[in-house]
Amino acid sequence: MVEHCVIIGGGHGGAQLCMSLRQNGYEGEITLVSSDDGLPYHRPPLSKAFLKTPSVGRQIIKSQAFYDDNKIDLKLGKTVTDIDRAAHRIELNDGQKIDYTKLVLSTGTKARKLSIPGAEASGIHYLKIAEDAELLRDELAEANSVSVIGGGFIGLEAAATFVGLGKKVTVFEAGARLLGRAVSPEISEYFLQKHQNAGMDIKFGVSITSFSTSDGRVAGVNCDGEKISSDLVLVGIGVVANCALAEQAGLVCNNGIVVDAHMQTSDKDVLAIGDCVIFEHWQTGNLVRLESVQNANDQARNAALTLTGNQQRYQEVPWFWSDQGNDKLQIVGLSIGSDQRIVCRQDGEDKISVFHYKGSKLMAIDTVNNPSDHMIGRRLLAGLRTPLPTEVATVGFSLREFFKSVQ
Ligand SMILES: Cc1cc2nc3c(=O)[nH]c(=O)nc-3n(C[C@H](O)[C@H](O)[C@H](O)COP(=O)(O)OP(=O)(O)OC[C@H]3O[C@@H](n4cnc5c(N)ncnc54)[C@H](O)[C@@H]3O)c2cc1C
């Protein structure tokens, strides 16, 4: 029987898997099915350069020629509606059935929706796919005041862009600090100062009760008895893993599709990768679902090894970046379970490194405008000796000098 790997999802993970399978010598058929209308494209620019500049289009990951040359059958603008694991067959929304020998789910996530009065009004946006960004960018041109619900990565990146475009911007954060789930309090405070200095109004601990509307269009945000007029709203309150298809097929899911260290689900002929999966992290032992380009790409590479008979445990160092206005935030490692942090920052400098420790074990480094520490952190956490808390706390500590000494 001819091997046929069918990939569901044409995002970062799906595209990388096509590349890695062929690079690893996979000779079977490959089909990529994606609900997206066009070729797989880079998501991160959607909340960055894309919003700022009307002339910026989608950044395609690989051209049509790549898929043609590598004999990858693209089924774009098609949604998989059913997986029949016993028959090794999937069904698409147009009724087409495709047989597989191995199936890989890279279905990503969907935006978590607000369900409060007025939430269906026009002018209320989410930012997940290129079409969302196009619509938002078009309407932005006419808007003066913009409200952003959620002080997480995407909401804040977009809010900083709106401020840069001269809009009056209000950010509503339910928690007590910005980026609270992801970075240390010192970095939250840094970005609070930066964004406020740029003119952003940031409200903490607020719960939005409804949106005011006028002729079916959003006119304001109502919270705690206050109404803030808004021509446009962006909701960025997190995402939910797209695992309904997997659940329907009887695969084990738990706020994500559960996979082992080789990207295999509870059915060895079905793998899953990227934002939609939950797995026990080699570094912390916790079940994690990571939302990052690095994780999607590296899990795709790992799945390709599994599919070509070269199984290796997934042990990549997680890393992530976010552009907040002119500042670059980078995170390497996972700070889950850490009990101590050491902040390295020269007075008044816009360059920060925060080292997270669990006992004497370095777990993660958050950096702002310090790509050198970030890159070194990636090398160290991949297996070199890492500095002890006492070393990092020494006056004049340099991660670069430390790195030279352990290479
Ligand atoms: C605006 C924005 C900014 C971001 N910025 C950053 C950043 O700065 N740094 C960073 O590391 N990460 C960033 N991310 C996150 C990053 O884009 C994701 O982690 C990455 O895209 C995950 O890849 P994936 O393949 O798992 O999922 P996705 O790229 O989301 O792809 C999922 C694919 O599955 C398809 N699909 C789902 N269900 C079906 C179905 N039933 N049938 C067919 N197709 C289906 C979808 O259409 C889509 O093509 C950002 C994300 C967004 C939205």
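All of these numbers come straight from a predicted model, not from anything done at the bench.

Judged by pairing direction, the sheet is antiparallel, and its three strands sit side by side in the order S4-S5-S6 without closing on themselves. Lying at the two open borders of the sheet, with one neighbouring strand each, are strand S4 (80–84) and strand S6 (97–99). Mean inter-strand twist for the sheet, computed between neighbouring axes without regard to direction, equals 20°. By the bridge criterion, four bridges tie S4 to strand S5 (residues 89–92) in an arrangement that is antiparallel. What sits directly across from Val80, in S5, is Leu92.

To continue, consider the pairing of strand S15 (residues 226–229). Bridge analysis of strand S14 (residues 217–223) against S15 gives four bridges, and the strand direction is antiparallel. Within the sheet, the bridge partner assigned to Asn222 lies in S15 and is Lys227. The hairpin formed by S14 and S15 contains two residues between the paired strands, and Asp224 there has a positive phi angle of roughly 45°.

Once that is clear, we can look at the packing of helix H1 (residues 12–23) against helix H8 (residues 293–307). The contact between H1 and H8 brings their axes to 8 Å, and the two run at 35°. Note on packing geometry: the crossing formed by H1 with H8 is right-handed. Along the contact surface, H1 presents His12, Gly13, Gln16, Leu17, Ser20 and Leu21, while H8 presents Val293, Ala296, Asn297, Ala300, Arg301, Ala303, Ala304 and Leu307.

A separate point is the nonpolar core. Counting 53 residues, the largest nonpolar core has Leu17, Leu21, Tyr67, Ile83, Ile90 and Leu105 as the members making the most contacts within it. Examining the composition of this core, we find that five residues originate from one element, H1, more than from any other. When sequence neighbours within four positions are dropped, the list of residues in contact with Ile90 reads Val6, Ile8, Val33, Val80, Asp82, Ile83, Gln96, Lys97, Ile98, Tyr100 and Leu103.

This part is about the domain arrangement of the protein chain. In terms of domain boundaries, the protein chain breaks down into domain 1 (4–110 + 239–307), domain 2 (113–235) and domain 3 (326–406). Taking only C-alpha atoms into account, the centre of domain 1 sits 32 Å from that of domain 3. Contact residues are listed per partner, giving seven residues for domain 1 and seven residues for domain 3. Between domain 1 and domain 3, roughly 510 Å² of surface is buried when both sides are summed, and carbon and sulfur atoms account for 62% of that area. For domain 1, the biggest contributors to the area lost against domain 3 are Gln283, Thr284 and Asn286; these three give 71% of the whole.

Conventions we followed
- Residues numbered from 1 in each chain as written.
- Predicted model: local features only at pLDDT ≥ 70, side-chain atom pairs only at ≥ 80, totals over all residues.
- Heavy atoms only, no water.
- Pairing = 2+ DSSP bridges.
- Helix = DSSP H or I, 4+ residues; strand = E, 2+ residues; numbered from the N terminus.
- Axes fitted to C-alpha atoms, helices over the stretch in contact; angles between N-to-C directions.
- Left-handed = near helix turned anticlockwise from the far one by under 90°.
- Contact = heavy atoms within 4.5 Å.
- Core = buried A, V, L, I, M, F, W, Y, C linked by side-chain atoms within 4.5 Å.
- Buried < 20%, exposed > 50% of the residue type's maximum accessible area, 1.4 Å probe, protein only.
- Domains from an automatic or database assignment.
- Buried area = accessible area lost by both parts, 1.4 Å probe.

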